[in-house]
Amino acid sequence: MPLIDRCIVHLVTDGAHTFFNPISGGYLVTDDLGARAIELMQKLDDEDEVIESLAGILGSDSLSTAARYVTFTDTLKARGLLEKPLPVTGSLPTPFFGFIEVTRQCQTMCRICAIDTGRGSNIVLTLDEIKAIVDQFKAIGVKMVALTGGDPLVRDDLLDILRYVRSKDLIAGFSTSLLSLSEQLASALGELDVKVQVSLDGSKPETNDYNRGKGSFERARRGIDLLNKHGVEFRIAFCIMKHNIGDSPDMVDLAERLGAREVAFRKVKLLGRALRLKDEVYPSPEEMTRAYTLLYRAAYDRMDKGLRINAKYNSVFFGGRGSDYKRLPCGAGRNIIHITYKGDIVPCSLFTEDKFVQGNAKQDAIAEVWEKSELLNCFRTTSVDDIPKCKTCRYRYFCGGGCRAEAYFLEGDLLGNCCDCEDLIQFYDYFLSCIAKSSPKVSL
């Protein structure tokens, strides 16, 4: 095995060589000589051979070259450039999150809803069916049960569901637009220690209400006031669109003022209703590059302030992707299991077509489906190196290949191209060039 993993990205900017390790998130800027040393370490597995080669380049003796080499490698180690992936075991993973779509009904008709939800479907899992699913989740090792929709607040028995989840000593949470939270329910959520994800697409009414409807911002704010009053932990989910992309920094400030534990940013997915509004809602690569840059800075500035800024494709810069650096970036088949409002077992909330249904929790054992599903196993074993259009991309280990649902619905192929590619190549080029300009060069 080479002394330095070959996954390290090398970018040259105005004579400065930037090396970035997606495993650790560590980087170093060096000159031509330092770059030559790192390249040798990526090819060779013997330090004596590297030193001998460097001595020839430097025209110096082996002893003095070895001294310079040791100092240089100490710096590489301190910067995370020498970190390598741990061996990946082939054991069956245990899902941490169990998602249950408890309804398709919703109090809003968001313009960009990926699953085209609303008020139309009355199909719903019963309370007893949900309890049975929770029991099966517990049996296979799930630690958190997250209720999704639609909007779980439309269910009269929501509190009964949450109480049952907590009675099994599981973390309970749900996603909501928070338009109809009552004082009584907020108090009960606080007593049960339930986690809430609130959907907000803007830091002000005119920005948020474009997608979620007139008055939704103020109603959500009133709901957040109730959560805070009763000590309910919450995070905010913000969907980046063309009209609100410039509002991202203000959304971070608002989340901080409101006491959110986290604010998560995701670009609008071209699925459902959003696909029909592509020209109106879809940001350009230049706009996304600016957004990712601003969100990185916001996250960096708040690392020790209690608010987590979650922008998925920035995570490689905050500790790297670890031994999972080749894996797909989603948790399908690995740390999440998803049950639809009809009881269907699917890889995630976006893979709801019949061809992706792996069984039904009303009659099939979830544990058996989790263990034996060929599709779930495909998600576990597929790496970014298996995606044809990713193989030649230097940033494939930064993003992991992107969302496979988007690739499928855009190209009809699970191994197709993700629509984030152009955004991310432009952003990562820009980010590493900024590192090169702002960091002192470390030479051999």
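Preceding block: the structure.
Definitions and cut-offs
- Residues numbered from 1 in each chain as written.
- Predicted model: local features only at pLDDT ≥ 70, side-chain atom pairs only at ≥ 80, totals over all residues.
- Heavy atoms only, no water.
- Salt bridge = Lys/Arg side-chain N within 4 Å of Asp/Glu carboxyl O.
- Helix = DSSP H or I, 4+ residues; strand = E, 2+ residues; numbered from the N terminus.
- Buried < 20%, exposed > 50% of the residue type's maximum accessible area, 1.4 Å probe, protein only.
- Contact = heavy atoms within 4.5 Å.
- Pairing = 2+ DSSP bridges.
- Axes fitted to C-alpha atoms, helices over the stretch in contact; angles between N-to-C directions.
- Parallel < 35°, antiparallel > 145°, perpendicular 65-115°, else oblique.
- Left-handed = near helix turned anticlockwise from the far one by under 90°.
- Nonpolar A, V, L, I, M, F, W, Y, C, P; charged D, E, K, R; others polar.
- Core = buried A, V, L, I, M, F, W, Y, C linked by side-chain atoms within 4.5 Å.
- Patch = residues over 30% accessible without salt bridge, like charges linked within 9 Å, V, L, I, M, F, W, Y side chains within 5 Å.
- Areas by Shrake-Rupley, 256 points an atom, 1.4 Å probe, with all protein chains shown as cover.
- Lys, Arg positive; Asp, Glu negative; His and termini not counted.
- Charge placed at Lys NZ, Arg CZ, Asp CG, Glu CD.
- 1 Å grid on protein atoms, 1.4 Å probe; cavity = no way out; pocket = protein on both sides within 12 Å on 5 of 7 lines; lining within 4 Å.
- Points joined across faces, edges and corners; volume = space filled by probe spheres on them.
- Phe/Tyr/Trp six-rings, centres within 6.5 Å; stacked < 30°, edge-to-face > 60°.
- Lys NZ or Arg CZ within 6 Å of the ring centre and 35° of its normal.

## With respect to the pattern of salt bridges
Part 1 of the reasoning: Considering all chains together, one arrives at 26 salt bridges under this definition.
Part 2 of the reasoning: Where Lys326 meets Asp385, a salt bridge forms, and the shortest distance between an N and an O atom there is 3.8 Å. Of this pair, Lys326 sits in the loop between β10 (308-311) and β11 (336-339) while Asp385 sits in the loop between α13 (374-381) and α14 (396-399); the two residues are 59 residues apart in sequence, bridging distant segments of the chain.
Part 3 of the reasoning: Its relative accessible area of 22% is what places Asp385 among the partly exposed residues.

## Here we look at the side chain of Thr382
Part 1 of the reasoning: Mapped onto the elements of the fold, Thr382 is located in the loop between α13 and α14.
Part 2 of the reasoning: Among the residues examined, Thr382 registers a relative accessible area of 12% and is labelled buried.
Part 3 of the reasoning: Apart from residues no more than four positions distant in its own chain, Thr382 is found in contact with Leu328 and Leu415.

## Things to note about the sheet that holds strand β2 (residues 16-21)
Part 1 of the reasoning: Pairing within the open sheet is antiparallel, and its three strands lie in the order β1-β2-β3. Since the sheet does not close on itself, it has two edges, and those belong to β1 (9-13) and β3 (26-30), each with one partner. Between one strand axis and the next, the sheet turns by 20° as a mean value, whatever way the strands run.
Part 2 of the reasoning: Two elements, β1 and β2, share five bridges in a ladder whose sense is antiparallel. Pairing of His10 across the sheet is with Phe19, part of β2.
Part 3 of the reasoning: Sheet contacts for helix α16 (residues 421-438): β1, β2 and β3; angle to β1, the most-contacted strand, approximately 65°.

## A short note on the packing of helix α11 (residues 285-301) against α16
Part 1 of the reasoning: Running from N to C, α11 and α16 cross one another at 50°; their axes reach a closest spacing of 8 Å. Comparing the axis directions of α11 and α16 gives the class oblique. When you trace α11 past α16, the crossing you get is right-handed. For the pair α11 and α16, the contacting residues are Pro285, Glu286, Met288, Thr289, Tyr292, Thr293 and Tyr296 in the first and Glu422, Asp423, Leu424, Gln426, Phe427, Tyr430 and Phe431 in the second.
Part 2 of the reasoning: Taken together, the residues that form the contact of α11 with α16 break down as eight nonpolar, three polar and three charged.

## Re the nonpolar core
Part 1 of the reasoning: One finds Ile100, Leu189 and Tyr428 to be the most contacted residues of the largest nonpolar core, which totals 88 residues.
Part 2 of the reasoning: Beyond its immediate sequence surroundings of up to four residues, Tyr428 is in contact with Tyr313, Val316, Phe317, Tyr395, Phe398 and Cys399.
Part 3 of the reasoning: Counting 21 residues, the second-largest nonpolar core is a separate cluster that includes Ile8, Phe19, Leu28 and Leu81.

## Focus on a nonpolar patch on the surface
Part 1 of the reasoning: A cluster of nonpolar residues, Tyr300, Met303 and Phe318, forms a patch on the protein surface that exposes about 310 Å² of accessible area.
Part 2 of the reasoning: Its place among the elements puts Met303 in the loop between α11 and β10.

## Section: a negative patch on the surface
Part 1 of the reasoning: Together, Asp45, Asp46, Glu47, Asp48, Glu49 and Glu52 make up a negatively charged patch on the protein surface.
Part 2 of the reasoning: Its location among the elements puts Asp46 in the loop between α1 (32-43) and α2 (47-58).

## Focus on the layout of surface pockets
Empty space among the atoms can be located by rolling a probe the size of a water molecule over them.
Part 1 of the reasoning: Looking at the second largest pocket, its volume works out to about 450 Å³.
Part 2 of the reasoning: Looking at the second largest pocket, it is lined by 15 residues, and the ones nearest its centre are Tyr296, Arg297, Phe431, Ile435 and Ser438.
Part 3 of the reasoning: Secondary structure elements with two or more residues in the lining of the second largest pocket: α11 and α16.
Part 4 of the reasoning: Counted by class, the lining of the second largest pocket contains nine nonpolar, four polar and two charged residues.

## Let's talk about the sheet that holds strand β8 (residues 234-240)
Part 1 of the reasoning: Here we have nine strands laid out as an open sheet, ordered β10-β9-β8-β7-β6-β5-β4-β11-β12, and mixed in their pairing. Strand pairing shows two members of the sheet lacking a second neighbour, β10 and β12 (345-346), which therefore form its edges.
Part 2 of the reasoning: Examined bridge by bridge, β11 and β12 share two bridges and lie antiparallel to one another. Within β12, the residue paired with Ile339 across the bridge is Ile345.
Part 3 of the reasoning: On the sheet, α11 packs against β8, β9 (262-267) and β10 and is oriented at approximately 155° with respect to β10.

## Looking at the packing of aromatic side chains
Part 1 of the reasoning: Under the definition given, this model contains 26 aromatic pairs.
Part 2 of the reasoning: Taking the centre distance of 5.1 Å and the plane angle of 55° together, the rings of Phe238 and Phe265 count as tilted. Highlighted residues: Phe238 in strand β8 and Phe265 in strand β9, separated in sequence by 27 residues.
Part 3 of the reasoning: On the numbers, 5.3 Å between centres and 45° between planes, the contact of Phe427 with Tyr428 is tilted. For the pair shown, Phe427 and Tyr428 are each scored as buried.
Part 4 of the reasoning: Over the ring of Trp370 we find Arg380; its NZ or CZ atom is 4.6 Å from the centre of that ring.

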